[in-house]
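Coordinate inspection notes
Each chain, letter by letter, is given below.
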Amino acid sequence: MDTIKTRQRKLLLIYSFLMIIFFVAITGRLIYLMVFRSAYYTERAAEVQERERKIKAPRGKILDRNGNVLASNETVCTVSVIYNQIENPEKVIEILSKEMDLPEEEVRKKVKKKSSREKIQSNVPKTVGDRIRTYELPGVKVDEDYKRYYPYGGLASKVLGFTGADNQGIIGLEVQYDQYLEGQEGIILTPTDSRGIEQEGALESRVEPVAGGNLITSMDLNIQKYAQQIADFAREAKQANYVSIIVMNPKNGEIYAMVNSPEFDLNHPYELQGQSGKGKKADLLNRMWRNQCINDTYEPGSTFKVITATAALEENVVTTKSRFFCPGYKVVDDRRIKCHKTTGHGSESFVEGTMNSCNPVFIQVGLELGPKKFYQYMGKLGLFRKTGIDLPGEASTIVHKIQKVGDVELATMSFGQSFQITPMQYLVAASAAINGGTLVTPHFALRAEKDNGELIQNFSFGKENKVISAKTSKTLRQILEKVVAEGTGSKGRVEGFRIGGKTATSQKLPRGSGKYIASYMGFAPANDPEIIAMAIVDEPKGIYYGGQVAAPLISRLYENILPYILEEKKQGE
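**Thoughts on the overall build of the protein chain**
Check the secondary structure of the protein chain and you find 19 helices and 21 strands. Taking 25 Å as the expected radius of gyration for a compact globule of 573 residues, we find that the protein chain reaches 34 Å, considerably beyond that expectation. Dimensions along the principal axes, computed over C-alpha positions, put the protein chain at roughly 130 × 75 × 50 Å. Counting only residues that meet the buried cut, the protein chain has 50% of its 573 residues in that class. A separation of at least 24 residues holds for 71% of the contacts in the protein chain among residues at least 6 apart in sequence. Each charge class in the protein chain was averaged separately, 76 positive and 67 negative side chains, and the resulting centres sit 6 Å apart.

Encoded structure:
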């Protein structure tokens, strides 16, 4: 009996001890939560009893080098509904569908949805948003927002790019410099009760958004306008697929203009414009947005003779006095490769051969260089790598592996066939050939800064010096000046200015299709280039020679902008 009582007392003691431990633990936990974690749970409770609405930050502007605004923002509204606060659903449905021109069933579905906040529509014009506010509909929220706006519509569309519904960049500079342009969102916090209904008389708290930084670019609005007008006119006149024009400073790689006609309306980027052919809308849009200057490759044709000449002069394979004979063709292995002048140029110097754009001369020069040296200079002039331009989607070179380059391949490569590069790659290589031997990185961005002018970031881009000698570069400039003064580039002349340049007429694949690309590269002043430009006309109808189709485009451009460029340089000195 005593043993049973003793055991019961022990069990009671154990139970009492456990209960004490339990209450001590509970008390300790309560003290911890109420004292040490009180701030945390107060914040969480506030979150439960507050409704959050985000406020978009105004995106930074994109400006040209002279401060002209190329991309900015316009105020719009986002209209939404809060289910628990709507007093008259039918009235809300009627007014919102009428004011925003939306199907009644679409609005009804959103108004009747049991959610804390349902967006009816974003990017609503401010005038419409203001009208909706005047109805004072319980449960309807109209918040001011921002939408990207491009004041010049399609100007430089494939360079500037555009933004999506979330105000983030999609293509072009908008996506490349998104981290500088995008701002920091703000929020509106509205006190609510446990049912999610706003507390009457309670004040909203607001965290203001922070605006994005402005991007100042090297683009010149006037030059871009001129170039785009010229490209649009040429495309229509020649019924071409597209016309591209690039204008750049060959000394530092700053791009003044880049045109890809047809452009598209940046304020309506999802509307197909000027697109022909069948296919899914997504594919047609992607085609419409493509920047042919950097996204597409092509066979450069005779403009590439500038590169072959550079390598040959640098390696002393030729001099300006070297003599050649052109019978109208050149036999290489089992191939008979024609000159564009089938009757031949006869006896000519290297300078005359360049002026005449004579294929047999450059075939002989290329074969004397050999594949190893030829590829070495292509590499030195940046043609085996991307240029590093500050735009997304740059394409790569398509070229034979050197092990597979025989005499026939080398012969055709020497005058710009059987490999492909981008127009931007060519212009960078040509710039190095005529600027004294500096390989530049083409670019648009100069700096990012706040609205008050405070600097956020200065952008710098690499360059390689002395990829060729200054002597070779000077000789080449003199030869190319003669090409324009007396040779195939005569329609690239500009009265009162010394111009150098090179033309090309590239036959598209498959050979014999009758389709061509006419192109021309020109620079000025020829003795000390401050500007280099090229024009590419894809599949012009009728006359298709580069000297007659593309060279006049750059001549017309230079007539307008050379005085302006050189005067600006003079004032800057």
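Still more ground to cover, so stick around.
**Here we look at a nonpolar patch on the surface**
Where nonpolar side chains cluster on the molecular surface, the patch consists of Ile14, Phe17, Leu18 and Ile21 and spans about 400 Å² of accessible area. As for its placement among the helices and strands, Phe17 is situated in helix 1 (residues 2-36). On the accessibility criterion, Phe17 (53% relative accessible area) is exposed.

**Notes on the packing of aromatic side chains**
Summed over all chains, the structure comprises 14 aromatic pairs. Taken together, a centroid distance of 6.4 Å and an interplanar angle of 50 degrees make the contact between Phe324 and Phe350 tilted. Separated by 26 residues along the polypeptide, Phe324 in strand 11 (residues 323-326) and Phe350 in helix 13 (residues 350-355) bring together distant segments of the chain. As far as the burial class goes, Phe324 and Phe350 line up, both buried. In textbook terms, an aromatic cluster arises when at least three aromatic residues are bridged by ring pairs, as seen for Phe162, Phe264, Tyr270 and Trp289. Geometry around Tyr329 places Arg336 over its ring, the cationic atom sitting 3.6 Å from the centre.

**Quick look at helix 17 (residues 470-486)**
In a regular helix each residue adds 1.5 Å, so 17 residues correspond to 24 Å; helix 17 covers 24 Å between its end C-alpha atoms and thus fits that length. Buried within helix 17 we find Thr472, Ser473, Thr475, Leu476, Arg477, Ile479, Leu480, Glu481, Val483 and Val484. As for helix 17, its buried residues are in contact with helix 12 (305-314), helix 13, helix 16 (423-434), strand 19 (500-507) and strand 20 (516-524).

**A word on the state of the cysteines**
In the structure shown here, the tally under the stated rule is zero disulfides. Its sulfur unpaired, Cys326 is 3.5 Å from the next cysteine sulfur, which belongs to Cys358. The exposure class assigned to Cys358 is buried, which follows from its relative accessible area of 0%.

**Thoughts on helix 16**
For helix 16, which comprises twelve residues, the first-to-last C-alpha distance of 17 Å matches the rise-based estimate of 16 Å (1.5 Å per residue) to within 8%. The buried count for helix 16 comes to twelve of twelve residues, which makes it a mostly enclosed element. Of all the residues in helix 16, the buried ones are Pro423, Met424, Gln425, Tyr426, Leu427, Val428, Ala429, Ala430, Ser431, Ala432, Ala433 and Ile434. One or two residues past the end of helix 16 sits Gly436, with phi positive at roughly 105 degrees.

**Focus: the pattern of salt bridges**
Under the counting rule described, the total for this entry stands at 28 salt bridges. Taking the shortest distance from any N to any O, the salt bridge between Glu174 and Arg59 comes out at 2.9 Å. Separated by 115 residues along the polypeptide, Glu174 in helix 7 (residues 172-176) and Arg59 in the loop between strand 1 (50-55) and strand 2 (62-63) bring together distant segments of the chain. With a relative accessible area of 0%, Glu174 lands in the buried category. Asp130 is the salt-bridge partner of Lys126, the closest N and O atoms lying 3.1 Å from each other. Pair noted here: Lys126 and Asp130 are both in helix 5 (residues 126-134), with a separation of four residues, about one helical turn. Taking the relative accessible area as the measure of exposure, Lys126 reaches 32% and is therefore partly exposed. Via salt bridges that share partners, Glu90, Glu104, Glu105, Arg108 and Lys112 belong to a single interconnected network.

Calculation criteria
Residues numbered from 1 in each chain as written. Predicted model: local features only at pLDDT ≥ 70, side-chain atom pairs only at ≥ 80, totals over all residues. Heavy atoms only, no water. Helix = DSSP H or I, 4+ residues; strand = E, 2+ residues; numbered from the N terminus. Rg over C-alpha atoms; globule rule 2.2 N^0.38 Å. Buried < 20%, exposed > 50% of the residue type's maximum accessible area, 1.4 Å probe, protein only. Contact = heavy atoms within 4.5 Å. Lys, Arg positive; Asp, Glu negative; His and termini not counted. Charge placed at Lys NZ, Arg CZ, Asp CG, Glu CD. Patch = residues over 30% accessible without salt bridge, like charges linked within 9 Å, V, L, I, M, F, W, Y side chains within 5 Å. Areas by Shrake-Rupley, 256 points an atom, 1.4 Å probe, with all protein chains shown as cover. Salt bridge = Lys/Arg side-chain N within 4 Å of Asp/Glu carboxyl O. Phe/Tyr/Trp six-rings, centres within 6.5 Å; stacked < 30°, edge-to-face > 60°. Lys NZ or Arg CZ within 6 Å of the ring centre and 35° of its normal. Expected span 1.5 Å × (residues − 1). Disulfide = S-S within 2.5 Å.

Bear in mind that shape data such as this cannot, by itself, settle questions of function.
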